[in-house]
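Residues per chain are reported as follows:
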Protein chains: 2
Amino acid sequence: MSANSRLTIAAHALAWIGLYQRQGHEVATSEQIATSANTNPVVIRRLLGELRRAGLVESRRGVGAGWSLARELGSMTLLDVYEAVEPGPLFAMHRTTPDQGCVVGYGIQPAMQRIYEGIEQTLRHELARVTLEDVLRDVLAAPR
Amino acid sequence: MSANSRLTIAAHALAWIGLYQRQGHEVATSEQIATSANTNPVVIRRLLGELRRAGLVESRRGVGAGWSLARELGSMTLLDVYEAVEPGPLFAMHRTTPDQGCVVGYGIQPAMQRIYEGIEQTLRHELARVTLEDVLRDVLAAPR
DNA sequence: CGCAGTCGTAACAACGAAGGTTGCAACAAG
DNA sequence: CTTGTTGCAACCTTCGTTGTTACGACTGCG
């Protein structure tokens, strides 16, 4: 599976903004977050843009601009972040339609679809159990 | 997430071989399976090769060669197939190490690692609940 | 022994997703 | 007006997956 770090980076950015705000700052810049995540500011802006569309963060422009949380970390779950940054389903069907004249080719897609939906539902349930507040607490609990 | 159809195709192939054997045939060829899945025989051989390494199928060479199940479909779960064909973890960490001088950069990876491990464990548990026998039953239950 | 059918596998192209980079317009505070 | 930042488009690179061709290895059969 093409391992995808979008959820990780998004959680990193949210935790960073949350901590920075608790230290008394109004907004965080994509530059600062990019430095912490060791990546490019544009990558962060792209990702935060998706989180903004999902209502998790807000951005200000102009001088002294930057990003702030739109909600408390405790009210944001990894599921919110996952849905904001991951478009497609976890498992895909065949890229080309299987042979509909074959019994297996005909029945396999509805069968797998049903199974996959159940599994994704469970995954969502698990993601919803973890808030970004939990993530930040875990981050700060790391031994130095 | 780069949607991945490997698990789907592998389940398709196993169900096909299983059904074919129940119809009295000894072995199935990659050509036949590829026709049903509407793909290339080499793709099927590659995938079945991984399933062979995992002990799920066997292959014979020479004239009248082909593939057969190494176990009953009822004793194979989607987890067995998943582990045979999906190498990496579901979610990835940062591609480059985050800033270790930053509190968040330092603590984020262990924190997310722990969370992801729990989620993958749940995913495995769900996959282990479905046998290939279940899949084949669902496939044959499709209305025509 | 030779033929034919099939697997085993390497090599390469095609494709798409994701990340990285550059450039620049839009915006707003001072 | 200047400055710092977002918003966004365009493009490249990298990587994983799939598709395709080619060919050697193997084995049952005549």
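Anyway, here's the lowdown on the structure attached to this text. Numbering of residues starts from 1 in every chain and runs along the sequence as written. Just so you know, chain letters begin at A and ligand numbers begin at 1, following the order they were written in. This being a predicted model, a pLDDT of at least 70 is required before a residue's local features are given, and a value of 80 or more before pairs of side-chain atoms are given or counted; all residues contribute to the totals for chains, interfaces and linings. No hydrogens and no water enter the side-chain calculation; it runs on all heavy atoms of the structure.

**A short note on the overall build of chain A**
So, step 1. For chain A, the helix and strand inventory stands at six helices and two strands.
So, step 2. Helices and strands appear in chain A in the N-to-C order α-α-α-β-β-α-α-α.
So, step 3. Across its three principal directions, the C-alpha atoms of chain A cover 65 × 30 × 30 Å.
So, step 4. With a 1.4 Å probe rolled over the protein chains alone, any residue whose accessible area is under 20% of its type maximum counts as buried; one over 50% counts as exposed, and the rest are partly exposed. Looking at chain A as a whole, 52% of its 144 residues are labelled buried.
So, step 5. We call two residues in contact whenever any of their non-hydrogen atoms come within 4.5 Å of each other. Across chain A, every contact between residues at least 6 apart in sequence was considered, and the portion connecting residues at least 24 apart equals 62%. Helical segments are the DSSP runs of H or I of at least four residues, strand segments are the runs of E of at least two, and each set is numbered from the N terminus.

**Things to note about the interface of chain A and chain B**
So, step 1. Counting residues at the interface gives 58 residues for chain A, matched by 58 residues for chain B.
So, step 2. A side-chain nitrogen of Lys or Arg and a carboxyl oxygen of Asp or Glu constitute a salt bridge if their distance falls within 4 Å. Linking chain A to chain B there are two salt bridges.
So, step 3. Whenever two N or O atoms come within 3.5 Å, that pair is a polar contact, provided that in protein one can donate a hydrogen and the other can accept it, and provided that, for residues adjacent in sequence, both atoms are side-chain atoms. Inspection of the chain A/chain B interface yields 20 residue pairs in polar contact (both at pLDDT 80 or more).
So, step 4. Within the residue set of the side of chain A that touches chain B, elements represented by two or more residues are α1 (6–22), α2 (30–37), α4 (78–85), α5 (103–128) and α6 (132–140) of chain A.
So, step 5. If you tally residues by element for the side of chain A that touches chain B, the top one is α5(A), at 16 residues.
So, step 6. Tallied by class, residues from the side of chain A that touches chain B come to 36 nonpolar, 15 polar and seven charged. Lys, Arg, Asp and Glu make up the charged group, whereas Ala, Val, Leu, Ile, Met, Phe, Trp, Tyr, Cys and Pro make up the nonpolar group; the residues left over, Gly among them, are polar.

**Side note on the relation of the copies chain A and chain B**
So, step 1. Copy-to-copy alignment: least squares on C-alpha atoms, limited to residues at pLDDT 70 or above in both. Once turned by 180° and shifted 0.0 Å along the axis, chain A lies on chain B with an RMSD of 0.1 Å. Taken together, the rotation and translation describe the operation of a two-fold axis.
So, step 2. Comparing interface residues between copies, 100% of those in chain A also sit at the interface in chain B, which points to an isologous, same-surface contact.

**With respect to the protein's contact with DNA strand C**
So, step 1. To be near a molecule or strand, a residue needs just one of its heavy atoms within 4 Å of it. Near DNA strand C there are 27 residues, and of these Thr39(A), Arg46(A), Ser30(B), Ser59(B) and Gly62(B) occur at the shortest range.
So, step 2. The protein-proximal atoms of DNA strand C, defined as those within 4 Å of the protein, are 58% sugar or phosphate.
So, step 3. Interatomic distance of 3.1 Å between a side-chain N/O atom of Arg6(A) and a phosphate oxygen of DNA strand C.
So, step 4. Arg61(B) is positioned such that a nitrogen or oxygen atom in its side chain is 3.4 Å from a base oxygen of DNA strand C.
So, step 5. Mapped onto the surface near DNA strand C, the elements with two or more residues apiece are α3 (41–53) of chain A together with α3 (41–53), β1 (57–60) and β2 (66–69) of chain B.
So, step 6. Residues belonging to the surface near DNA strand C are distributed by class as follows: eight nonpolar, ten polar and nine charged.

**Observations regarding the protein's contact with DNA strand D**
So, step 1. Near DNA strand D lie 28 residues; those nearest to it are Ser59(A), Gly62(A), Val63(A), Ser5(B) and Thr39(B).
So, step 2. Here, DNA strand D places atoms within 4 Å of the protein, and 58% of those atoms are sugar or phosphate.
So, step 3. Contact between DNA strand D and Arg45(A): a base nitrogen at 3.3 Å from a side-chain N or O atom of the residue.
So, step 4. Note that a base nitrogen of DNA strand D is positioned 3.5 Å from one of the backbone N or O atoms of Val63(A).
So, step 5. Counting residues per element, the ones that place at least two in the surface near DNA strand D are α3, β1 (57–60) and β2 (66–69) of chain A together with α3 of chain B.
So, step 6. Taken together, the residues of the surface near DNA strand D break down into eight nonpolar, ten polar and ten charged.

**Here's the deal with the layout of surface pockets**
So, step 1. With a 1 Å grid laid over protein atoms only, a set of points is called a cavity when a 1.4 Å probe fits there but cannot get out and a pocket when it is open yet has protein on both sides within 12 Å along at least five of seven lines; lining residues have an atom within 4 Å of a point. Grid points are joined across faces, edges and corners, and a volume is the space filled by probe spheres set on the points. By volume, the second largest pocket is sized at about 350 Å³.
So, step 2. What lines the second largest pocket is a set of 17 residues, and nearest its centre among them are Ser5(A), Arg6(A), Ile9(A), Val43(A) and Arg95(B).
So, step 3. Counting only elements with at least two residues in the lining of the second largest pocket, the list comes to α1 and α3 of chain A.
So, step 4. The biggest single contributor to the lining of the second largest pocket is α3(A), with four residues.
So, step 5. Split into classes, the residues belonging to the lining of the second largest pocket amount to seven nonpolar, six polar and four charged.

**Here we look at the pattern of salt bridges**
So, step 1. As enumerated under the stated definition, the model contains 18 salt bridges over all chains in all.
So, step 2. A salt bridge links Glu26(A) to Arg60(A), with the shortest nitrogen-to-oxygen separation between them at 3.8 Å. In this pair, Glu26(A) is assigned in the loop between α1 and α2 and Arg60(A) in strand β1, connecting sequence segments 34 residues apart.
So, step 3. You can call Arg60(A) partly exposed: its relative accessible area is 45%.
So, step 4. For Arg129(B), the salt bridge is made with Glu126(B), and the minimal N-O distance between the two is 3.2 Å.
So, step 5. The class for Glu126(B) is buried, based on a relative accessible area of 15%.
So, step 6. It is possible to trace a salt-bridge network through shared partners that takes in Glu83(A), Glu120(A) and Arg124(A).

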